[in-house]
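# Overview (structure and organization)
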Amino acid sequence: TMQSSGHRFRDVEHHPLLADNDTYDSSSSEADMAERVWFIRDGCGMVCAIMTWLLVVYADFVVTFVMLLPSKDFWYSVINGVLFNCLAVLALSSHLRTMLTDPGAVPKGNATKEYMDNLQLKPGEVIYKCPKCCSIKPERAHHCSICKRCIRKMDHHCPWVNNCVGERNQRFFVLFTMYIALISAHALILCGFQFFSCVRGQWTECSDFSPPVTVILMIFLCLEGFLFLTFTAVMFGTQIHSICNDETEIERLKSEKPTWERRLRWEGMKSVFGGQPSLLWINPFAGFRIRRLLLRAKKGGPEFSV
């Protein structure tokens, strides 16, 4: 512990006293950071994110070209094709927004004398500094060793979205898990109908591909669908449970006693998804501004904030 400007300053990881709504307001401001594209340059995370997209594209290929287009039932193909592709677009859009949204990072190096003087702390008041990124830790923030930042209300770091799940992008992560679970279930149902149709009729007529290729493609899709459905459904349920209990996964695993006033279940949902229940809750495009992206492009392209 060292004395500075009449208050105590500690290099510790847990139980910070700084409120969530206190923000860094120096030359490296939040407004300046908002003009940058958030992206984590982590090799493992980027590989996992690319694999996620490739697996969704593979599922879309099998569903569209192996099962639906060869079908003789026009409306069956159209309805299922539109539904599956819409869910796939929503899933990948949610993935992009989770990956490219600042999860609630605390600015690096804001533990300066000038900033602490601006906080107008009372003499003897204790504030907490993260020794890894030299930032003053808000309450419920945790340091991520991959993002190399302290993240507000950090739930966990997910390599599949190459980002932390935190205060600002948890909604998009929940939507991502929900839509992946839905398209996985839809793919499994379509595979069941296709196998039944091929067994009843002729394998050479139920697909434009040869029977061995058709079987291999569909078996791999079934395995993929089952694994993704299991994983994302469990993750979706875990996230909703955490939101309703106003408790992150890290806080639950560490059995941290809440120093904050917990929100009621419905208040927690409204806090994460924004406002009263509406279709905007399940819309990953809500709040997306194309105009801001165009302005960034005119300024010379996106910058990496991490």
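Residues numbered from 1 in each chain as written. Predicted model: local features only at pLDDT ≥ 70, side-chain atom pairs only at ≥ 80, totals over all residues. Heavy atoms only, no water.

Naming follows an unreviewed UniProt entry, where the protein appears as Palmitoyltransferase of Pampusana beccarii. Under the UniProt heading Catalytic activity (unreviewed entry), the note attached to the protein is "L-cysteinyl-[protein] + hexadecanoyl-CoA = S-hexadecanoyl-L-cysteinyl-[protein] + CoA". (UniProt positions renumbered as here; feature names shortened; annotations may be inferred.)

The next subject is the overall build of the protein. The helix and strand tally for the protein stands at 9 helices and 8 strands. Taking all 306 residues of the protein together, the buried fraction comes to 46%. In the protein, the proportion of contacts linking residues at least 24 apart, taken out of those at least 6 apart, comes to 74%. With the model as given, the accessible surface of the protein reaches about 16500 Å², and the carbon-plus-sulfur share is 64%. (Helix = DSSP H or I, 4+ residues; strand = E, 2+ residues; numbered from the N terminus. Buried < 20%, exposed > 50% of the residue type's maximum accessible area, 1.4 Å probe, protein only. Contact = heavy atoms within 4.5 Å. Areas by Shrake-Rupley, 256 points an atom, 1.4 Å probe, with all protein chains shown as cover.)

On to the state of the cysteines. Counted by the stated rule, this structure contains 0 disulfides. With no disulfide of its own, Cys158 lies 8.2 Å from the sulfur of Cys48, the closest cysteine sulfur. Looking at Cys158, the relative accessible area reads 5%, which means it is buried. (Disulfide = S-S within 2.5 Å.)

Between helix α3 (residues 74-100) and helix α5 (residues 170-200), whose axes approach to 8 Å, the crossing angle comes to 155°. In terms of orientation, α3 lies roughly antiparallel with respect to α5. Where α3 crosses over α5, the two elements pack in a sense that is left-handed. Each of Tyr76, Asn80, Leu83, Phe84, Leu87, Ala88, Leu90, Ala91, Ser94, His95, Arg97 and Thr98 in α3 lies in contact with α5, whose residues at this interface are Phe172, Phe173, Leu175, Phe176, Tyr179, Ile180, Leu182, Ile183, His186, Ala187, Leu190 and Phe193. For the contact of α3 with α5, a count of residues per class yields 18 nonpolar, 5 polar and 1 charged. (Axes fitted to C-alpha atoms, helices over the stretch in contact; angles between N-to-C directions. Parallel < 35°, antiparallel > 145°, perpendicular 65-115°, else oblique. Left-handed = near helix turned anticlockwise from the far one by under 90°. Nonpolar A, V, L, I, M, F, W, Y, C, P; charged D, E, K, R; others polar.)

Quick look at the UniProt feature "transmembrane region" (unreviewed entry) in the protein now. Within this structure's numbering, the places UniProt gives as "transmembrane region" (unreviewed entry) are residues 43-68, 74-92, 172-195 and 215-236. Annotated as 100% helix and 0% strand, the span residues 172-195 places its first and last C-alpha atoms 34 Å apart.

Attention now goes to the pairing of strand β5 (residues 141-144). With burial as the criterion, each face of β5 is covered, one bearing Ala141 and His143 and the other bearing His142 and Cys144. Of the pairings in the sheet, the one linking β5 to strand β6 (residues 149-152) comprises 4 bridges and is antiparallel in character. Bridge pairing in β6 places Ala141 opposite Arg152. In this antiparallel pair of consecutive strands, β5 and β6, the connection spans 4 residues, and Lys148 shows a positive phi of 60°. (Pairing = 2+ DSSP bridges.)

Of all 5 residues that make up strand β3 (residues 126-130), 5 are buried, and the element is covered over most of its length. As paired strands, β3 and strand β4 (residues 135-136) are joined by 2 bridges and run antiparallel to one another. Each bridged residue has a counterpart across the sheet, and for Cys130 the counterpart in β4 is Ser135. Here β3 folds back onto β4, and the loop between the two strands holds 4 residues, one of which, Cys134, carries a positive phi near 55°.

One recurring pattern in soluble globular proteins: nonpolar side chains tend to sit buried together. Core analysis: the largest hydrophobic core is formed by 39 residues, its most contacted members being Val63, Met67 and Leu221. Residue contributions to this core peak at 11 residues, all from α5. Formed by 9 residues, the second largest nonpolar core is a distinct cluster that contains Cys144, Met154, Cys164 and Ile250. (Core = buried A, V, L, I, M, F, W, Y, C linked by side-chain atoms within 4.5 Å.)

Before going further, it helps to examine the packing of helix α6 (residues 211-245) against helix α8 (residues 265-273). The interhelical angle for the contact between α6 and α8, taken along N-to-C directions, is 115°, at an axis separation of 7 Å. One finds that α6 runs roughly perpendicular with respect to α8. Contacts between α6 and α8 involve Ile240, Ile243, Cys244 and Asn245 from the first element and Arg265, Gly268, Met269, Val272 and Phe273 from the second. Residues that form the contact of α6 with α8 fall into these classes: 6 nonpolar, 2 polar and 1 charged.

Turning our attention to the pattern of salt bridges. By the definition in use, this model includes 6 salt bridges. Measuring nitrogen to oxygen at the nearest pair gives 2.9 Å for the salt bridge that ties Arg140 to Glu251. Separated by 111 residues along the polypeptide, Arg140 in the loop between β4 and β5 and Glu251 in helix α7 (residues 249-253) bring together distant segments of the chain. Glu251 shares its class with Arg140; the two are buried. The salt bridge partner of Glu267 is Lys270, with a shortest N-O separation of 3.3 Å. Of this pair, Glu267 and Lys270 are both found in helix α8, 3 residues apart, which corresponds to roughly one turn of the helix. (Salt bridge = Lys/Arg side-chain N within 4 Å of Asp/Glu carboxyl O.)

Summarising the element assignment, His142 is placed in strand β5. On the basis of relative accessibility, which here comes to 6%, the residue His142 falls in the buried class.

Let us look at the packing of aromatic side chains. In this structure the tally under the stated criterion is 7 aromatic pairs. Considering the side-chain rings of Phe61 and Phe65, the 5.5 Å spacing of their centres and the 35° angle between planes classify their relative orientation as tilted. You can see Phe61 and its partner Phe65 sitting in helix α2 (residues 43-68), 4 residues apart, about one turn around the helix. Take Phe65: its relative accessible area is 42%, and that puts it in the partly exposed class. Centre to centre, the rings of Phe61 and Phe209 are 6.2 Å apart; their planes meet at 75°, and the pair counts as edge-to-face. Note that Phe61 is positioned in helix α2 and Phe209 in the loop between α5 and α6, a separation of 148 residues in sequence. Feature note: the residues Phe61, Phe65 and Phe209 constitute an aromatic cluster, connected by ring pairs. (Phe/Tyr/Trp six-rings, centres within 6.5 Å; stacked < 30°, edge-to-face > 60°.)

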